[in-house]
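Coordinate inspection notes
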Amino acid sequence: METFTVAATFPQIKGQPHPAANKMEDMSGAVQKRKKFVVLGSAGQLGRDLCPRLPGEVVALTRADFDLTQREPPGEMLAKLAPVVVINCAAYNYVDRAESEPAAAFEVNAWAVKRLAVLCRDLGCTLVHFSTDYVFGLDAGRREPYGEADPPGPLSVYGLSKLSGEFMVRTHCPRNFVIRTCGLYGASGNGGKGGNFVETMLRLAREGKPLRVVADQVCTPSYTVHVAEAVVKLIQTDHFGMYHLTNAGSCSWHEFAQKIFALAGTNANLTTIRSAEYGSAARRPSFSVLANARYEALGFAKLPVWQDAVETYLRNRDKPR
Ligand SMILES: NC(=O)c1ccc[n+]([C@@H]2O[C@H](COP(=O)([O-])OP(=O)(O)OC[C@H]3O[C@@H](n4cnc5c(N)ncnc54)[C@H](OP(=O)(O)O)[C@@H]3O)[C@@H](O)[C@H]2O)c1
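Here the structure is a predicted model, which is why all the values come from computation and not from measurement.

**Re the environment of Arg-212**
Take Arg-212: it is sitting in strand β10 (residues 211-214). Considering only alpha carbons, one finds Arg-212 and Asn-269, 57 residues apart in sequence, at a separation of 8.4 Å. For Arg-212, the residues in contact, after removing those within four places along its chain, are Thr-271, Ile-273, Glu-277 and Tyr-278.

**What about the nonpolar core?**
Leu-40, Val-86, Leu-116 and Leu-127 are the most contacted members of the largest nonpolar core, which totals 33 residues. Looking at this core, the elements with two or more residues in it are β4 (36-40), β5 (57-61), α3 (75-81), α4 (102-123) and α5 (157-172). If we skip the residues at most four places from it in the chain, Leu-40 touches Leu-61, Phe-66, Leu-68, Val-86, Ile-87, Asn-88, Cys-89, Ala-90 and Leu-116. Counting 28 residues, the second largest nonpolar core, distinct from the first, contains Leu-50, Val-58, Ala-60 and Leu-245.

**Some points on the packing of helix α8 (residues 253-264) against helix α11 (residues 306-316)**
Two elements in contact, α8 and α11, have axes whose closest approach is 10 Å; the angle formed by their N-to-C orientations is 45°. Between α8 and α11, the angle falls in the class oblique. Helix-helix and strand crossings are classified by hand; for α8 and α11 the assignment is right-handed. Taking contact as the criterion, the partners of Glu-255, Phe-256, Lys-259, Ile-260, Leu-263 and Ala-264 in α8 are, on α11, Trp-306, Gln-307, Val-310, Glu-311 and Leu-314. Partitioning the contact of α8 with α11 into residue classes produces seven nonpolar, one polar and three charged.

**Considering the packing of aromatic side chains**
All chains considered together, the criterion is met by 14 aromatic pairs. Among the aromatic residues, ring-to-ring pairing joins Tyr-185, Phe-197, Tyr-223, Trp-253, Phe-256, Trp-306 and Tyr-313 into one connected group.

**As for the side chain of Thr-224**
Along the chain, Thr-224 falls in helix α7 (residues 224-234). Its relative accessible area of 0% is what places Thr-224 among the buried residues. Residues within four places of Thr-224 in sequence aside, it is in contact with Gln-45, Leu-46, Asp-49, Leu-184, Tyr-185, Gly-186 and Ala-187.

Basis of the calculations
- Residues numbered from 1 in each chain as written.
- Predicted model: local features only at pLDDT ≥ 70, side-chain atom pairs only at ≥ 80, totals over all residues.
- Heavy atoms only, no water.
- Helix = DSSP H or I, 4+ residues; strand = E, 2+ residues; numbered from the N terminus.
- Contact = heavy atoms within 4.5 Å.
- Core = buried A, V, L, I, M, F, W, Y, C linked by side-chain atoms within 4.5 Å.
- Buried < 20%, exposed > 50% of the residue type's maximum accessible area, 1.4 Å probe, protein only.
- Axes fitted to C-alpha atoms, helices over the stretch in contact; angles between N-to-C directions.
- Parallel < 35°, antiparallel > 145°, perpendicular 65-115°, else oblique.
- Left-handed = near helix turned anticlockwise from the far one by under 90°.
- Nonpolar A, V, L, I, M, F, W, Y, C, P; charged D, E, K, R; others polar.
- Phe/Tyr/Trp six-rings, centres within 6.5 Å; stacked < 30°, edge-to-face > 60°.

Limitation: the analysis is restricted to geometry and does not speak to function.
Here it is as structure tokens:
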């Protein structure tokens, strides 16, 4: 368990400061009372970039501190910590493996989320939960970005387990933010997948391996730092509900790989492949671009376009964190 405190920042929403801003600072600007955040799955790639940006006291819990799959969630521990906001960055993220072990995926992504949502409701705290663009894909001809109100239709067990988790949160915890994001890459890499897409591409190119990357799956790869910054702004409002948060624009994974190599100045033996040839266990959406409509309607600026985001990532990756 790691605890740290960061200075509070309060964004203005449509010209009005969030009411908490007044409670948190006195006339001299000194912070009177800090909001307490408990972050689950804090060692994951989003968790690592989110924790240092949260405005208040942060209790960062890993799986060793708080395993979501325990039948009785460590409610006593959470009650003692008395958070104002619980942020669940933990998830079962093995998209292909979930096809053959659906129970494991549902245990973490749905049933554990239900227990957590009930606990948060009983403690009166806000629950921030993350979901995925893979809740979409069933309407194969779709080429318009999905809004929050569009009906989902997952193609995979992973997508279905995450969709179930969304409903668990929405059903059981009234103070909720359910945030769908997409194609995350961050400096710490995705533990379960052994690094992120950017690093995997650069490593394989360095090794001189021929790279065949799908050109028929279009989405918006998103930098965890940009998503984390937007999450921090959003959750300081009391505009609860469902949100899409990704970088702006869209590309295929092949276009993303091309951009990575161009920016890094790396020569790569890169060709395209169709998803059907690739032969993954799980089906993935051919188009799962998310419109950040509700976030932008609150008056917040668009997130940077994906090309700028990956450039920033490549610039930042070697800096000390
Ligand atoms: N990665 C993406 O491309 C992507 C895309 C769309 C949406 N999302 C969603 O965004 C959120 C964050 O994803 P991420 O990429 O940061 O994931 P990540 O790097 O895989 O991190 C997930 C974390 O959850 C922990 N965890 C797994 N099972 C747990 C359990 N039973 N109890 C407690 N902790 C557990 C993992 O711990 P261990 O390391 O010990 O396993 C890991 O630290 C997730 O909800 C994910 O579904 C991700």
